[in-house]
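# Structure assessment
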Amino acid sequence: MTWEMVIGLETHVELATKTKIFCSCTTAFGGDPNTHCCPVCTGMPGALPVVNEKVLEFAVKAGLALNGTITRDCRFDRKNYFYPDLPKAYQVSQLYLPIVRNGKVPIQTASGVEKTIRIHELHMEEDAGKLVHDPWIDQTRADYNRCGVPLIEIVTEPDFRSAEEVIAYLEKLRSILQYLGVSDCKMQEGSLRCDVNLSVRPAGSEELGTRTEMKNLNSFKAIARAIEYEARRQVELIQEGKRVVQETRRWDENKDATFAMRSKENAQDYRYFPEPDIPPMELSEEYLEHVRAEIPEMAEAKMARYQRDWGLPVYDTRMITGQKALADFFEETVALGAAPKQAANWIMGEVLRQLSAQGLEAKDMTLTPGTLARLIELVQTGKLNRNTAVKVFDAVFVADGDVDAYVKEHGLEQVSDAGLVGRAVEQVLAANPKSIEDYRAGKEKAFGFLVGQVMRELKGRALPQVVNQTIREKLEQMK
């Protein structure tokens, strides 16, 4: 029997505001435990929340970019649960009137599958704290710094049928949110994390199976592996005549498996009711138009413009616009005079290679567009050959060094003196009579050997085309 996965996602995104959702505490990542807290975000008696207007703006902006319908009259609700990482014993969230409903995100997978993922809702809420277990003293301690950090939770319909589709959606979602500037989406810092709701059913069946929820997955690799494992686990249970239990499970990266945490809660288990300390919010059409006007040019629009205005291939535009910071870097490099195709080649090749080697994202690199534009100019004007330019790039990448100073200090500028090239060619020809004979006998590799020897003599600083021409001229003269 062929089995089909049915997957829905709940994606939590930390918003890039400077302060928390209901108080003025900083949202900066890190810091000593319990130093980014105040009576409001820790739920002290008598402390009253005030909505951060930027959180509302970011949520609306995300909803518009996800093609959703904005709830003009919305409110917050109180979600009650009793975990040690939640000092108030409730979370301020949205259930009855979420800020966004009925969005959609078109995706395309690496294997060519195209489909539209439906967004059920997007709602605002506050984050909880973090529990840290110390095995040395066998104690679990609470760090409440993250309490009150603003989140949007994006809930999809169960439209996914494979891990590949899930990853394609999350990559698209991350790109949209980064372009909007509403989140940095750093998964390693918990800025974007995902709950996966998964069930299996016989292929062709319309009936949904019993689902499990895998909580707080924070890397694409973990998400894909967890999906494949959980689907396999559920199929094996059913084939053995057992039943799948609706429950919340955690993914153990080291054991490459999911494990039960608790039975899956329903909305009634949280005893939701309207948040009494925060009045309902009414959004005017003027406000929505103001937010809509601030949405920047998105990745798809940039791709179309790069193809139309600069003639770049689809592959190039997709690679460059994959990260907003990379697209911004590309555009600034071109604005400084670099040919668009040359800038694209360097970014897709050397820039991405170094980012991968250094474990960096594009927005974190110190290399500036001016440095890359100057390096491209040196190659275009013949002052550096491509291989030497790559070596210079690697040397200046981390600290954004001065290209001209490095070239001068290491004597790397291309040799343009025809007399110097000619003398080097004469020396190489005199030292390699056998290669000359082989070349005249029709062995083209012998010519390549002679070119290599001259380049070696000139320490790689001569233009290959000049060396080629000079060798051929000298060989003709020797007949």
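This report concerns the structure included in the present document.

Cut-offs applied
- Residues numbered from 1 in each chain as written.
- Predicted model: local features only at pLDDT ≥ 70, side-chain atom pairs only at ≥ 80, totals over all residues.
- Heavy atoms only, no water.
- Pairing = 2+ DSSP bridges.
- Helix = DSSP H or I, 4+ residues; strand = E, 2+ residues; numbered from the N terminus.
- Contact = heavy atoms within 4.5 Å.
- Axes fitted to C-alpha atoms, helices over the stretch in contact; angles between N-to-C directions.
- Parallel < 35°, antiparallel > 145°, perpendicular 65-115°, else oblique.
- Left-handed = near helix turned anticlockwise from the far one by under 90°.
- Nonpolar A, V, L, I, M, F, W, Y, C, P; charged D, E, K, R; others polar.
- Buried < 20%, exposed > 50% of the residue type's maximum accessible area, 1.4 Å probe, protein only.
- Polar contact = N/O pair within 3.5 Å; in protein donor to acceptor, adjacent residues only side chain to side chain.

## What about the sheet that holds strand β2 (residues 69–70)?
Strand pairing within a sheet occurs via backbone hydrogen bonds; the two strands may be parallel or antiparallel. Taking strand neighbours across the sheet as the criterion, the nine strands line up as β2-β6-β7-β10-β1-β11-β12-β13-β14 in an open arrangement whose pairing is mixed. Each having just a single partner strand, β2 and β14 (257–263) make up the two edges of the open sheet. In this structure, strand β7 (residues 114–126) lies alongside strand β10 (residues 150–156), joined through seven bridges in antiparallel fashion. Counterpart to His123 in the pairing with β10 is Glu153. Relative to strand β1 (residues 3–14), helix α2 (residues 163–180) is tilted by about 20 degrees, and along the sheet it contacts β1, β6 (100–108), β7, β10 and β11 (192–202). Lying over the sheet, helix α3 (residues 220–239) contacts β1, β11, β12 (212–217), β13 (247–252) and β14, oriented at roughly 30 degrees with respect to β11.

## Regarding the packing of α2 against α3
Taken N-terminus to C-terminus, the directions of α2 and α3 make an angle of 155 degrees; their axes are 9 Å apart at the nearest point. Relative to α3, α2 is oriented roughly antiparallel. α2 and α3 meet at a crossing whose hand is right-handed. Along the contact surface, α2 presents Ala163, Val166, Ile167, Leu170, Glu171 and Arg174, while α3 presents Phe220, Ile223, Ala224, Ile227 and Glu228. Here the residues of the contact of α2 with α3 are counted per class, giving eight nonpolar, no polar and three charged.

## Section: the side chain of Asn385
In this structure, Asn385 sits in the loop between α9 (369–380) and α10 (386–396). With relative accessibility at 10%, the residue Asn385 sits in the buried group. At 2.8 Å, the side chain of Asn385 forms a polar contact with the backbone nitrogen of Thr388.

## Quick notes on the pairing of β7
Along any regular strand, the residues point their side chains to alternate faces of the sheet. Relative to β7, β6 runs antiparallel, the two being bridged by eight bridges. In the sheet register, Gln108 faces β7, and the bridge partner there is Glu114. What sits between β6 and β7 in their antiparallel hairpin is a turn of five residues, with Gly112 showing a positive phi close to 100 degrees.

Keep in mind these values describe shape, not function.
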